[in-house]
Each structure stands twice: as C-alpha cells, then as structure tokens.
Amino acid sequence: IAQFDTVAEEFPASPLADKAVFLKAQAMARSMDPRLMEEAIDTYEKVASGGGGLALRARLAQAVLYDALQRPKEALGILDKILASKPSDDLRSRVLVEKGDIQFAQGATTPDQYKQAIAAWDQVAADPAAPRQWSNQALAKMGTAYEKLGDTQAALNCYYRVFSQDQKGEPEYFWYYKAGFDAGRLLESQKLWKEAIAVYEKIAALEGPRAEEARTRVNKLRLEN
C-alpha cells in the first residue's frame, strides 16, 4: 500500500498514478477488515470520480465491497449507474451478473428477489454480444433461481440452453458442466433415468475436465436402473 501511495503522490501526472490508487484500494479491500474495506471504497472513489480508463472498474469494485459489507441497496445503486453509462459488452455482462448475485442472496428472506435476479441474468442470456462465459453463467444461475422458486421445468430449460450450445472456438467448461450436472441431478430426482443418462452423455462428449465424471455417472445409472 505504501509503495502505491508513493507512485500516486510523487508522479500525479503519470498514467500510472490512477493505476497505483486502484491497486492500493484493491490491497486494502483484500484485507477483509471492515474498516479498511470502507477506506477502500473511498480510495476507489478517487479513481471513479477522475473519469479515467479505470473509472467504471472502480465503481464495480465499490459495489462489490458494499455487498460484502452487507449494504446491498448501495451496491445495487452503483451497479445501476454503471449500466446507465453504457459500458462495454463485457463490463455490462459482468455488472448484470453481479446485480443478479446480490438480488439472489436476498431471496432467502424475500423470495421476490429471486425473480429480480432472474430478470438481471436474463438480460445477459438474451444478449448475443455477451461473452460466452457470462451468458453461460447467467443461464446456470437462472436455473438455480428457478429451482428456489420451485419451477423445475424452467430450471431445466435454462440448464439445457447452456450445454446444448456448440462449443465453437475456445470452450467454456465451468458453467457448461455445472449446468449439465445440475440438469442431470434434477432429472434423477424425478427418476427420469433415460433423460438423465442422455444429459450426461451429452456433456461427456465434450472432452473437458469433467467428461470422465459424466461417463462414470452414465455407467452407474445404467447399472442401477
């Protein structure tokens, strides 16, 4: 932190000054000390109010910290301001996913928040410009929210939309497999063995980190059912 302070104070006109302040705030935030987290929010404000290249990232970091400090209303207010500024496709997706995460976390006490989380994530899932890592994540999380609402079919539809896509170009493994295994779990809970096996076979066809796990599940279900 002291080194970042030195750069920012001794070279205020340098393009690195903004980055130094940003990194200082990051270091403070990672301490998980509530007092330092509050200071980090103020430090990020220096970057955000400057309007430089890191301004919106600083705003997003503030929102994440407010959420960690259990101040969701302030976090959501910042996220809405970022969205209103018409950010890049990647940042827009990131912000909408974060917004949904915050709303989903409140669903345990206020179930309507699950619906609001779904609405935020659906904006990412429906956006053809959204990077695959974000659209897959949004759909997988929508499925989880629908499960919380007791709508199994809607949850399955979301999961299917993830793993039914062609994995052209660089594959996205984490959410692809998570959606597949969550769909399989739901089908197994309904004793729809053939359907569950079909799902596991589908995700096993993509040679990735969980393909062997999916094949093992197929063999187990065939033996037991």
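Throughout what follows, the structure given in this document is the object of discussion.

What counts as what
- Residues numbered from 1 in each chain as written.
- Predicted model: local features only at pLDDT ≥ 70, side-chain atom pairs only at ≥ 80, totals over all residues.
- Heavy atoms only, no water.
- Phe/Tyr/Trp six-rings, centres within 6.5 Å; stacked < 30°, edge-to-face > 60°.
- Helix = DSSP H or I, 4+ residues; strand = E, 2+ residues; numbered from the N terminus.
- Buried < 20%, exposed > 50% of the residue type's maximum accessible area, 1.4 Å probe, protein only.
- Lys, Arg positive; Asp, Glu negative; His and termini not counted.
- Salt bridge = Lys/Arg side-chain N within 4 Å of Asp/Glu carboxyl O.
- Contact = heavy atoms within 4.5 Å.
- Expected span 1.5 Å × (residues − 1).
- 1 Å grid on protein atoms, 1.4 Å probe; cavity = no way out; pocket = protein on both sides within 12 Å on 5 of 7 lines; lining within 4 Å.
- Points joined across faces, edges and corners; volume = space filled by probe spheres on them.
- Nonpolar A, V, L, I, M, F, W, Y, C, P; charged D, E, K, R; others polar.

## Details of the packing of aromatic side chains
Scanning the entire structure with this criterion turns up 8 aromatic pairs. On the basis of an interplanar angle of 40° and a centroid distance of 5.9 Å, the ring pair of F104 and W121 is categorised as tilted. Here F104, found in helix α6 (residues 89–105), pairs with W121, found in helix α7 (residues 112–125); they are 17 residues apart in sequence, far enough to count as distant. F104 sits in the partly exposed class, given a relative accessible area of 22%. Overall, the relative accessible area of 2% leaves W121 in the buried class. Relative to W175, the ring of F174 lies with its centre 4.8 Å away and its plane at 80°, an arrangement referred to as edge-to-face. Feature note: the residues F104, Y114 and W121 constitute an aromatic cluster, connected by ring pairs.

## Concerning the side chain of E98
Relative to the elements of secondary structure, E98 occurs in helix α6. For the buried E98, which has no salt bridge, the nearest side chain bearing the opposite charge is K141, at an N-O separation of 7.0 Å. Every residue in contact with E98, bar those within four places of it in the chain, is listed here: L60, V64, D67 and L79.

## Section: helix α9 (residues 152–163)
Given a rise of 1.5 Å per residue, 12 residues ought to cover 16 Å, and the 17 Å separating the end C-alpha atoms of α9 matches this to within 8%. Of all the residues in α9, the buried ones are A154, A155, L156, C158, Y159, V162 and F163. Next to the buried residues of α9 lie α8 (132–148), α10 (174–189) and α11 (193–204).

## Observations concerning the layout of surface pockets
Of the volumes computed, that of the largest pocket is approximately 270 Å³. What lines the largest pocket is a set of 14 residues, and nearest its centre among them are Q26, Y44, L60, A61 and V64. When residues of the lining of the largest pocket are traced back to their parent elements, those giving at least two are α2 (15–29), α3 (34–50) and α4 (55–68). Sorting elements by how many residues they give to the lining of the largest pocket places α4 first, with 6 residues. A breakdown of the residues in the lining of the largest pocket according to their chemical character gives 10 nonpolar, 1 polar and 3 charged.

## Brief notes about the pattern of salt bridges
Per the stated rule, a full pass over the model turns up 17 salt bridges. Close ionic contact of R71 with E74 constitutes a salt bridge, the shortest N to O distance being 2.7 Å. Judged by its relative accessible area of 34%, E74 falls in the partly exposed class.

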